[in-house]
Each structure stands twice: as structure tokens, then as C-alpha cells.
Amino acid sequence: MKGLYELIEDIQDTMAERFASSYSLGSVYRALMYALIYAALQRRLGRYDLLEPLGRKVSPPLLAAVKRELTGKLHHLLERVDSMLASSKPVLAYGGADLRHTIDAVKREVERVDYVLVYDCMSLVEQLAISAFLKVEGVKSVFLSTIFVNPVGVTRFVTQQLHGTSYRASLLGVAQYVANELRASLYTRSSFIDEEVHEVGLLGVEEFVDRVDIDKVAREVLERARSGRVLVLSDHGYDVVVSVRDNYIYVVHGFSRGDGSSYVPLVLLSRLTLFMGAYRAG
């Protein structure tokens, strides 16, 4: 089976070559979310009717194409994520839960970083959609092999690691720390996605993808990447969960299996942070 890094690259290439040049970024984003959850339902529940509200937001040709070309790859991706999170030694294999050690690993992978962009609660779904958009716009995007593991999937796990340093224990402080370590000239942080998770989580994933302004985030990255080398990261991602009792799929971060038997976790991405580099090709 391919490793996680190779699977991400494969999915990124497929999205850029097959979908991003023919459909709007918003459409590709919704289609990717659909395909990911469809793959998760294959593994966990088989209740594809739960996806109908989201499926209605994707054009039939695009829906058929992503199911055909992405579902299998995403199925393997979810297997690799589960395997990594279940590993007794994720730190040794993937970079780990120590922010300082993880950024040291990032230093060894990147030549130069000019801008550090930190998005609270951004997951691999948004990063993949944005990376496909960037490629169509002539910007190269690469995923680093280093992965930060956030065992509880919440911001404070990251920010508390700045206690005792000269940096403020906040997400902006994390952005400043990473920028200084990588000698970047600019750093920003955005809580937009996290705010949407907290606001619309109980309204369902189809509401979530409508409220996330993926075009705005992508154009922020594109603007910076046209003038320098960008590093995009997050403090944690989010989880996609089924409420069996109420028959809907919603988004949350820091899901706990102790939340009850009426909830089935489909996609557990809140514990992972991937680093995506972007810069003008050529």
C-alpha cells in the first residue's frame, strides 16, 4: 500500500489534472468532501443516503467523476490516517506532537519561507482543494513529509507549548514562532474555518461546505505565493461524524469516542496538521 505522503500527492495530481481546470473551486471542494465521506461510509456504515443533502450540491457529472476517480484513493488515505493515529510511536514516524521538534523537521525540508499562514482548524480537505486550484493558477504546491500530531485535536495543545517562552500562548504566537524559526518575513493567522465549525457543526456537513469561503482562503495563499514562498499550516483539523440517532453528518473537532454509541466517527482529521508549501513555478 502507498504511504500517506504518496497518496496525498496522487490525490492532489488527480484533482488538479481532472477537475480544477474544468470546475469552480467551490464545486471541487464540495465534490472532494463528498468523495471523502463516501469512502468513509464504505468503511464504517454503508448509509449512503446520509450523503444526499451534500450530493445535491454537486453537479451529476462531477459527482460521478469523483466517485470513480477519487473514492478508492481516499479509502486508502483514510486507512493510512487510522493506522498512523493508532501507532504507538507516531512521533518517530511522522514528526510528532512536540512543536519545536516538528518545526526543526520542517526546517530540514524547506529551502526558504517568506510567509507563514496559519489557519485554525484547516484540514487536509481544504489543503487539497487549494493545492489543485494553485496548480491551475501556475503556482506549485507541495506537501511536506513532516506531520504534526495533535492528540486531542484542539488549539490549546499547540499554544500551551509556548508557555515559558517569549511568545504569546495563542495561535498568533504560534504563527510568529514558526515564522521566526524559518526566518519568514511575514506571518498571519485566521480563525475563519474554526468559527464555522463551532457555528454550524450541528447543522450538517452540507451547511459547513457552503459557509467555508474556500475561494477567499485560496486567493490569500495565491496572492502570497506569487511574490514568495508560502508555508500553510494549522493547529488541528476537524472530524466528520454521523449522528445515527438523528441521521445526519456533521463536523466537529476533538471528537471523543466516549461521546456515545449514537455517534459514529467517519473521518478523523482533527489530530493531524500537514504542512503545505506554495511558490510560483518556474
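These notes cover the structure that comes with them. Remember, it's a predicted structure, so these values are computed and weren't measured experimentally. (Residues numbered from 1 in each chain as written. Predicted model: local features only at pLDDT ≥ 70, side-chain atom pairs only at ≥ 80, totals over all residues. Heavy atoms only, no water.)

Take the overall build of the protein chain next. Scanning the protein chain for helices and strands turns up 13 helices and nine strands. Relative to a compact globule of 282 residues, whose C-alpha radius of gyration would be 19 Å, the protein chain shows 18 Å and is just as compact. Its C-alpha atoms put the protein chain at 50 × 45 × 35 Å along the principal axes. Here the protein chain holds 282 residues, and 55% of them are scored as buried. Within the protein chain, residue pairs in contact and separated by at least 24 positions form 77% of the contacts whose partners lie at least 6 positions apart. Roughly 12,100 Å² of accessible area belongs to the protein chain as shown, and the carbon and sulfur atoms make up 46% of that amount. Here the protein chain holds 33 positive side-chain charges and 34 negative ones, and the gap between their average locations is 3 Å. (Helix = DSSP H or I, 4+ residues; strand = E, 2+ residues; numbered from the N terminus. Rg over C-alpha atoms; globule rule 2.2 N^0.38 Å. Buried < 20%, exposed > 50% of the residue type's maximum accessible area, 1.4 Å probe, protein only. Contact = heavy atoms within 4.5 Å. Areas by Shrake-Rupley, 256 points an atom, 1.4 Å probe, with all protein chains shown as cover. Lys, Arg positive; Asp, Glu negative; His and termini not counted. Charge placed at Lys NZ, Arg CZ, Asp CG, Glu CD.)

Structurally, the position occupied by Leu99 is in helix H7 (residues 99–109). Leu99 sits 37 residues away from Leu62 along the chain, and the two C-alpha atoms are 39 Å apart.

As summarised here, the arrangement of the three strands in space is E7-E6-E8, forming an open sheet in which the pairing is antiparallel. Looking at the sheet topology across the chains shown, the edges are occupied by strand E7 (248–252) and strand E8 (263–268). Neighbour to neighbour, the strand axes of the sheet diverge by 30° on average, direction disregarded. Judged from the five bridges that link them, strand E6 (residues 239–243) and E7 form a sheet pairing that is antiparallel. Looking at the pairing, Val241 lines up with Tyr250 of E7. Against the sheet, helix H2 (residues 25–44) engages E6, E7 and E8, with an angle of about 130° to E8. (Pairing = 2+ DSSP bridges. Axes fitted to C-alpha atoms, helices over the stretch in contact; angles between N-to-C directions.)

So, on to the packing of H2 against helix H4 (residues 60–69). A pair of packed helices is captured by two measures, namely the crossing angle of their axes and the spacing between those axes. Where H2 meets H4, the closest approach of the two axes is 9 Å, and the angle between their N-to-C directions is 45°. Of the possible angle classes, the one that applies to H2 and H4 is oblique. Like other packed secondary-structure pairs, H2 and H4 cross with a definite hand, here right-handed. On H4, the residues that touch Ser27, Val28, Ala31, Tyr34, Ala35 and Tyr38 of H2 are Leu62, Leu63, Val66 and Lys67. A breakdown of the residues in the contact of H2 with H4 according to their chemical character gives eight nonpolar, one polar and one charged. (Parallel < 35°, antiparallel > 145°, perpendicular 65-115°, else oblique. Left-handed = near helix turned anticlockwise from the far one by under 90°. Nonpolar A, V, L, I, M, F, W, Y, C, P; charged D, E, K, R; others polar.)

With that settled, the discussion passes to the packing of aromatic side chains. On inspection of all chains with the given rule, the structure shows seven aromatic pairs. Ring centres of Tyr34 and Tyr38 lie 6.1 Å apart, and the angle between their planes is 25°; on these two criteria the pair is classed as stacked. With a gap of four residues between them, Tyr34 and Tyr38 both fall in helix H2, about one helical turn apart. On the basis of relative accessible area, Tyr38 is assigned to the buried category, the value being 16%. Relative to Phe157, the ring of Phe148 has its centre 6.3 Å away and its plane inclined at 40°; by these criteria the two rings are tilted. Comparing Phe148 with Phe157, the two get one shared label, buried. Within the aromatic cluster, the residues linked to one another by ring pairs are Tyr34, Tyr38 and Tyr48. Taking NZ or CZ as reference, Arg224 lies 5.3 Å from the ring centre of Tyr115, over its face. (Phe/Tyr/Trp six-rings, centres within 6.5 Å; stacked < 30°, edge-to-face > 60°. Lys NZ or Arg CZ within 6 Å of the ring centre and 35° of its normal.)

Turning to the environment of Gln161, a few remarks are in order. By secondary structure assignment, the location of Gln161 is in the loop between helix H9 (155–159) and helix H10 (171–182). Taking the relative accessible area as the measure of exposure, Gln161 reaches 27% and is therefore partly exposed. For the pair Gln161 and Gly228, spaced 67 residues apart in sequence, the C-alpha separation works out to 29 Å. With near-sequence residues (within four places) excluded, Gln161 lies in contact with Ala97, Asp98, Leu99 and Phe148.

End to end, helix H5 (residues 71–86) covers 22 Å across 16 residues, agreeing with the expected 22 Å (1.5 Å per residue, within 8%). Those residues of H5 that sit buried are Thr71, Leu74, Leu77, Leu78, Val81 and Met84. The arc enclosing the buried residues of H5, seen along the axis, measures out at 140°, which places them on a common side. (Expected span 1.5 Å × (residues − 1). Arc of directions from axis to C-beta.)

What follows deals with the environment of Gln160. Tracing the sequence through the fold places Gln160 in the loop between H9 and H10. Spatially, the C-alpha atom of Gln160 lies 24 Å from that of Leu144, the residues being 16 residues apart in sequence.

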